[in-house]
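Close look at the chain arrangement
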Amino acid sequence: MRPVRVTAAITALVGTMLLPGAADAAVAPASGVMAKAHTAGRVKVAEASVQYSWPGVSFEGRFRGTGVGIVLNDSDNDYDVEVDGTTVATLVTPGRTTYWVNGLTPGVHRVRLVKRTESPWATSAFGGFVAAPGGAILHKPPARHRQIEFIGDSFTVGYGNRSGSRDCTNDQLHRTTDANLSFGALTARRLNADYQINAFSGLGMVRNYNGSNPQVDYRTYYDRALLAVDGDVWQNPGTWRPQLVVVGLGINDFSTAINPGEQWTPDTLVAAYRTAYHAFLDKLRAQYGPRTTIVVSATYLSNTTVYAELAEQIVQERNDNGDNRIRYWYYSNAGLDYMGCHWHPSAHDHQIIADRLGDFIATLPLRW
């Protein structure tokens with residue numbers, strides 16, 4: 001069996017062109033932005049834009065005409081631009097600009113912008129879709145009835161999944177991380193579900209990768225829309241009520257040995273993890289209600305079986321206390337090549353994991 005090494009990361013084209021002076025294009029107020037663009041992601045409405053931080057946040061719109069502009073302010077992240085279900089461009093750290101897709105067949109089209117990369121230190125801004133001359137931005141597409149929230153770490157992000165090499169510089173890692181090809185995004189699209197990827201590389205439930213940054217953990221950030229803003233709290237507009245939540249936290253807690261000087265012993269780490277996980281599940285249950293199915297997931301680690309065993313025990317304890325809508329799901333390393341950056345799952349692996357997760361979801365008592 002190959003060892004799995006986990007590292008932190010806190011650290012068809014149709015007439016596309018960038019028009020001169022496009023950065024100065026008029027943008028609608030933020031309330032207008034959200035009237036014309038659908039998102040299920042955690043966003044914060046600003047004066048004339050929508051701000052966000054989590055990976056995989058996407059915006060979808062409809063327009064009539066032969067072209068569409070996408071107003072962005074983001075010098076840190078990469079994006080896919082899709083028109084009518086086909087990726088027509090990848091924007092690499094586009095900065096403050098309006099990116100145009102032109103030369104389309106006259107008619108009604110759909111456009112989707114999706115954030116591929118992870119940069120929790122940065123706040124991104126989307127200023128809406130704008131129509132090419134003679135066209136119009138139409139009312140936003142309706143929300144999908146199915147909703148799935150994915151909570152996790154680098155495996156959930158899609159860390160370096162496009163790399164094809166385990167050795168990556170920081171820039172290579174950033175360029176090859178693609179949340180749009182993560183197992184969560186793939187699973188949700190197959191189910192025609194809206195989704196959130198609330199994942200943060202390198203963080204654990206109580207202990208981060210190799211004991212780093214002990215003053216924070218994943219729970220420090222979960223409630224935020226803007227990850228780099230201390231005390232920020234995402235305001236659920238009331239439309240986010242996922243029928244399914246998939247939680248994968250524990251790789252960073254247990255994949256590395258406890259270092260001298262850390263606060264933990266093996267026993268106290270297990271006890272703290274169990275207590276924190278139960279509290280986090282209490283939080284999710286209170287947040288989303290008794291009908292939401294919560295999946296506690298675990299996967300293979302080369303150095304220990306504690307993660308998987310403990311996750312399964314936590315689920316059993318919840319079930320014994322009467323909550324049968326919390327389920328345990330384990331995915332093994334069988335068939336995975338771990339050719340992403342730093343021995344992370346590759347895009348090939350994410351397809352396999354998505355297949356396995358889809359099969360598991362089919363067994364759940366979901367009402368959707």
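Residues numbered from 1 in each chain as written. Predicted model: local features only at pLDDT ≥ 70, side-chain atom pairs only at ≥ 80, totals over all residues. Heavy atoms only, no water.

Read across the sheet, five strands follow the order β13-β12-β14-β15-β16 without closing on themselves; strand pairing throughout is parallel. Whereas interior strands pair on both sides, the edge strands pair on one side only; in this sheet they are β13 (193–199) and β16 (326–331). Here the average twist between neighbouring strands, direction ignored, is 20°. Inspection of the sheet shows strand β12 (residues 146–152) paired to strand β14 (residues 244–248) by five bridges, in the parallel sense. Bridge assignment links Glu149 to a residue of β14, and that residue is Val245. (Pairing = 2+ DSSP bridges. Helix = DSSP H or I, 4+ residues; strand = E, 2+ residues; numbered from the N terminus. Axes fitted to C-alpha atoms, helices over the stretch in contact; angles between N-to-C directions.)

So, about the pattern of salt bridges. Under the definition given, this model contains 19 salt bridges. Put simply, Arg190 and Asp355 hold a salt bridge, and the shortest N to O gap is 2.5 Å. Of the two residues, Arg190 sits in helix α4 (residues 183–190) while Asp355 sits in helix α9 (residues 347–361), which places them 165 residues apart along the sequence. Exposure remark for Asp355: the relative accessible area of 40% places this residue in the partly exposed category. Ionic contacts of the salt-bridge type, sharing partners, join the residues Glu60, Arg110, Arg144 and Asp194 into one network. (Salt bridge = Lys/Arg side-chain N within 4 Å of Asp/Glu carboxyl O. Buried < 20%, exposed > 50% of the residue type's maximum accessible area, 1.4 Å probe, protein only.)

Another point: α9. Structural remark: α-helix, 3.6 residues per turn; residues separated by three or four positions point the same way. Under the 1.5 Å per step criterion, the end-to-end length of α9 is 21 Å for 15 residues, consistent within 8% with the ideal 21 Å. Within α9 the residues assigned to the buried category are Asp349, His350, Ile352, Ile353, Ala354, Leu357, Phe360 and Ile361. On the buried face of α9, the contacting elements are β12, α2 (154–157), α4, β14, β15 (293–299) and β16. (Expected span 1.5 Å × (residues − 1). Contact = heavy atoms within 4.5 Å.)

Take the pairing of strand β5 (residues 68–74) next. The element β5 is extensively covered by neighbouring structure, given that six of its seven residues are classed as buried. Strand direction decides the pairing type here: β5 and strand β8 (residues 95–101), joined by seven bridges, are antiparallel. For Val71, the partnering residue across the bridge sits in β8 and is Thr98. Two elements, β5 and strand β10 (residues 124–131), share six bridges in a ladder whose sense is antiparallel. Directly across from Val68, in β10, lies its bridge partner Ala131.

What follows covers the packing of helix α7 (residues 266–288) against helix α8 (residues 306–320). One can describe the packing of α7 onto α8 by two numbers: an axis separation of 11 Å at closest approach and a directional angle of 45°. Here α8 runs oblique to α7, going by the angle between their axes. Along this stretch, α7 crosses α8, giving a crossing that reads as right-handed. Taken together, the residues of α8 that come into contact with α7 (itself represented by Val270, Tyr273, Arg274, Tyr277, His278, Leu281 and Asp282) are Val306, Tyr307, Leu310, Gln313, Ile314, Glu317 and Arg318. Looking at the contact of α7 with α8 residue by residue, the classes come out as eight nonpolar, two polar and four charged. (Parallel < 35°, antiparallel > 145°, perpendicular 65-115°, else oblique. Left-handed = near helix turned anticlockwise from the far one by under 90°. Nonpolar A, V, L, I, M, F, W, Y, C, P; charged D, E, K, R; others polar.)

Function-wise, these values are silent; they only describe arrangement.
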